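# Summary of the model geometry
Okay, here's what each chain looks like letter by letter:
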Amino acid sequence: MVALVIVGMALSAWHPHDRTTWFLETVWVFVGLPAIVLTWRRFPLTGLLCCLLAAHALVLAVGGHYTYAQVPVGDWVRDTFGLSRNPYDRFGHLMQGFVPAVLVREVLTRTSPLRGSRWLAPLTVCACLAFSALFELFEWAAAVIGGHSADAFLATQGDVWDTQWDMFCALIGAMLSVLLLSRVHDRQLTRLGVIDSVDPYRAVSPTVAVRTSTADTR
C-alpha cells in the first residue's frame, strides 16, 4: 500500500497543472503516510482502513495533478450525462467523509470508552462533518491569502453553494461508510484483538454492570 501511494504521488507530481494547488490538495498524504508508518508497530491499522486510506490518497493525487475542476474522467462524466459541472470535486468530498469515518471509528473504538456504544456511529459522523467544515475554512483562508490564484484549489466552478454541497457530500459519505462497513470493520478489529466479542453493540444491562462494579470493589 505504501509503495502504491508513493508511485501515485510521484506520477501526480510530474508536471501538475498548478504546483501550489497540487501541494495544497496532497499535503494530507505527506502528513498522514509518515505518521502511519512511524506508529505502525504501536498502532497497526486494519486492512480495511489501509485500503481506504490508499484509495483516498490516490483520489487526492489525481485531483492535485489536474485540479478537481479539470480531471479528465470528470469531464467525461459531465459530457456523457449532461451535467453542468465536472463532478470529480463532489466525488472527492464524498470520499472525504467515507474514508475518515472508518479512521475515526477505529481510533474511537481502540482509544475511548465508546467501544460497543450506540453513540459510536453518530459521533463518528459528527467528527467527519466537523473535519469537512474545518477543510472549508482552510479553503476560505487559502482564498483570502491567494486571491484569484486560489481559484483552482477552491474548484467552485461558479457554484455559490459549493461549500454547502461539499459538506453535504462529506456527510453522505460518512453515513454510507458507517452503514455499509461497520460489520466488516468490527470483524477486522476482532481479528486484530481490539474487540473481544463478535457483536460489539450488545448492550450490558445495568444490573450486570452494577454487579460487576460491586465485585470489583470487593
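Residues numbered from 1 in each chain as written. Predicted model: local features only at pLDDT ≥ 70, side-chain atom pairs only at ≥ 80, totals over all residues. Heavy atoms only, no water.

### Points about the confidence of the model for the protein
Put simply, the rule reads: The pLDDT value tells you how sure the predictor is about a given residue, anywhere from 0 up to 100. Residue contacts are defined here by distance: any two heavy atoms, one from each residue, within 4.5 Å place the two residues in contact.
Looking at the protein, pLDDT values average 86 and 83% of them are 70 or higher. Residue range residues 201-218 is modelled with pLDDT below 50. Its contacts to residues more than four positions away, or to other chains, number eight contacts.

### Quick word on the packing of helix H2 (residues 19-38) against helix H3 (residues 47-66)
Rules: Orientation is described by lines fitted to C-alpha atoms, with helices fitted over the stretch in contact, and by angles between N-to-C directions that extend from 0 to 180 degrees. Runs of E in the DSSP output that reach at least two residues are strands. Runs of H or I that reach at least four are helices, and both are numbered from the N terminus. Our angle categories are set so that under 35 degrees counts as roughly parallel, over 145 as roughly antiparallel, 65 to 115 as roughly perpendicular, and the remainder as oblique. With the far helix as reference, a near helix turned anticlockwise by less than a right angle produces a left-handed crossing, and one turned clockwise produces a right-handed crossing. Three classes are used: nonpolar for Ala, Val, Leu, Ile, Met, Phe, Trp, Tyr, Cys and Pro, charged for Asp, Glu, Lys and Arg, and polar for all others, with Gly counted as polar.
Interhelical geometry of H2 versus H3 gives an angle of 155 degrees and a closest axis separation of 8 Å. With respect to each other, H2 and H3 are oriented roughly antiparallel. Taken as a pair, H2 and H3 cross one another with a handedness that is left-handed. Residue-level contacts link Trp22, Glu25, Thr26, Trp28, Val29 and Ile36 of H2 to Leu53, Ala57, Leu60, Ala61, Gly64 and His65 of H3. Looking at side-chain class alone, the contact of H2 with H3 contains eight nonpolar, three polar and one charged residues.

### Things to note about the nonpolar core
Note the following rule: What makes a nonpolar core is a set of buried Ala, Val, Leu, Ile, Met, Phe, Trp, Tyr and Cys residues whose side-chain atoms join them at distances within 4.5 Å. The buried label applies to any residue whose accessible area, calculated with a 1.4 Å probe on protein chains only, is under 20% of its type's maximum; exposed applies above 50%, and partly exposed to all values in between.
Counting 22 residues, the largest nonpolar core has Val5, Met9, Val29, Leu52, Val102 and Leu181 as the members making the most contacts within it. Within the residue set of this core, elements represented by two or more residues are helix H1 (2-12), H2, H3 and helix H5 (88-111). In terms of residue count, the dominant contributor to this core is H3 (nine residues). Ignoring sequence-local partners within four residues, the contact set of leucine 181 consists of Leu48, Leu52, Phe98, Val102 and Leu176. Judged by nonpolar contacts, the second largest core, of five residues, contains Ala101, Val125, Cys128 and Ala174.

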